[in-house]
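Working through the structure, step by step
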Amino acid sequence: MKVKHKISGLVRFILMLIFLVIMYSAAFFITDYIYKILDWELNELLNQIINSIFGLILTGLMLSIIRKIALSKGWMRKRDAFGTIIEAVERIATGDFSIRLDDDDIHEHYPVAKLRESVNKMALELDKMENMRQEFISNVSHEIQSPLTSISGFAEILGNEELSLEERQHYLGIIRIESKRLSRLSDNLLQLASLDAETIKFEPEVYHLDEQVRNLILACEPQWAVKKVEIELVLDKVSITADKDMLTQAWINLINNSIKYTPEGGRIKIELYQESKKVLFKITDTGIGIAEEDQKHIFERFFKTDKSRQRSKKGNGLGLSIVKKIIDMHHGEIEVDSKLGEGTSFTVLLPVKQ
Ligand SMILES: Nc1ncnc2c1ncn2[C@@H]1O[C@H](COP(=O)(O)OP(=O)(O)OP(=O)(O)O)[C@@H](O)[C@H]1O
Ligand SMILES: [Mg+2]
């Protein structure tokens, strides 16, 4: 498109140059002829000036005639700034977000230039959102597809009457785990959607954070007790103004991760401190750890450190993105510190008052 414009511009320029030369020559010969007929003797400068003026008038006339003919025949496109922008907006409305208006497409004057810039920005943002939407759909389909494949595969195997009771229990166990994973995926997706759309009301209240954390650890006892994970709590008495339900979800996701990614017999320590205007929550485990290059991605939706998805049975990669969203809504910060094979700690800083 750009190359086509450049070629047609060049052709127009060459044509104009040729006409200019013809017009100047014509003007020169005509005036020269008139002078000869009238037998005038003007000095050279005057002669040149008259020649030039006459030549320019003729050139202008000729060019405007040529332009009119070229426009009517469609050899030339009228430079219509608003027309170009309207055309672009119409294409965007039909879902073509790849459109970008070039500087030379339209005149560069305010507010036209500003409008062009805004149209380009809008198309770029829509393009990005469309890519994110497609990536999201493909991630969701993958997360649905893999447990479903296991469930249908093992259900098929269970149809075999020669299976021992032990084998049957094993396959049923896998089906149960995969079903739970599907159900958690649906819960997490719903939660993210309502956090994004802000349909969940942000309702801060004053409450004791230390009590909340202690109760959650007790509620998770079946998970950590079965893995013989040792829990250490160092909890200051902390009163905070925050959305209790949202923070419950954030702490549960962090605690569940620590339990999930810590092998049997490991340790988890949870600390809660009140600083001058902030509250510090820290959860440290002696689990598998997160590689440095993965640490900057763990808050992204669907990100799992295991690329081969071998461990994907353990989750869908949404938990931490929900945590991050909730902490952001509280104007807080979350940081990760981890060493592969040694353990991980997540630190959350929250303002005391919302
Ligand atoms: N405490 C931890 N120790 C080691 N790796 C962790 C820890 N917490 C998170 N990760 C890594 O970060 C990834 C993203 O965590 P996230 O909680 O978002 O997803 P998930 O646990 O895989 O699934 P779910 O959506 O069920 O929470 C995990 O897949 C895991 O690889
Ligand atoms: Mg998780």
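Per an unreviewed UniProt entry, the protein carries the name histidine kinase and comes from Iocasia fonsfrigidae. Heading Catalytic activity (unreviewed entry) of the UniProt record for the protein holds this comment: "ATP + protein L-histidine = ADP + protein N-phospho-L-histidine." The record held by UniProt for the protein lists under Subcellular location (unreviewed entry) the comment "Membrane".

According to the domain assignment, the protein consists of domain 1 (2–78), domain 2 (79–198) and domain 3 (205–351). For domain 2 versus domain 3, the separation of C-alpha centres amounts to 27 Å. In this complex, domain 2 contributes 15 residues to the contact, which on the side of domain 3 involves 18 residues. Around 1600 Å² of area is buried between domain 2 and domain 3 when both sides are counted, 58% of it from carbon and sulfur atoms.

Each strand in a sheet pairs with another by means of backbone hydrogen bonds, the pair being arranged parallel or else antiparallel. Reading across the sheet, the 5 strands line up as 2-4-5-7-6 and stay open at both edges, with mixed pairing between neighbours. This sheet does not close on itself; its edge strands, each paired only once, are strand 2 (230–235) and strand 6 (333–339). Each adjacent strand pair in this sheet contributes to an overall mean axis angle of 10 degrees, direction not counted. Both strand 5 (residues 278–285) and strand 7 (residues 343–351) contribute to a ladder of 8 bridges, which runs antiparallel. Within strand 7, the position partnered with Lys282 by the bridge is Thr347. Contacts between helix 6 (residues 209–219) and the sheet are confined to strand 2, strand 4 (267–274) and strand 5, with strand 2 contributing the most and set at about 170 degrees to the helix. Across the sheet, helix 10 (residues 319–329) is in contact with strand 6 and strand 7; its angle to strand 6 comes to roughly 145 degrees.

Reading the values: the criteria
- Residues numbered from 1 in each chain as written.
- Chains lettered and ligands numbered in written order.
- Predicted model: local features only at pLDDT ≥ 70, side-chain atom pairs only at ≥ 80, totals over all residues.
- Heavy atoms only, no water.
- UniProt positions renumbered as here; feature names shortened; annotations may be inferred.
- Domains from an automatic or database assignment.
- Contact = heavy atoms within 4.5 Å.
- Buried area = accessible area lost by both parts, 1.4 Å probe.
- Pairing = 2+ DSSP bridges.
- Helix = DSSP H or I, 4+ residues; strand = E, 2+ residues; numbered from the N terminus.
- Axes fitted to C-alpha atoms, helices over the stretch in contact; angles between N-to-C directions.

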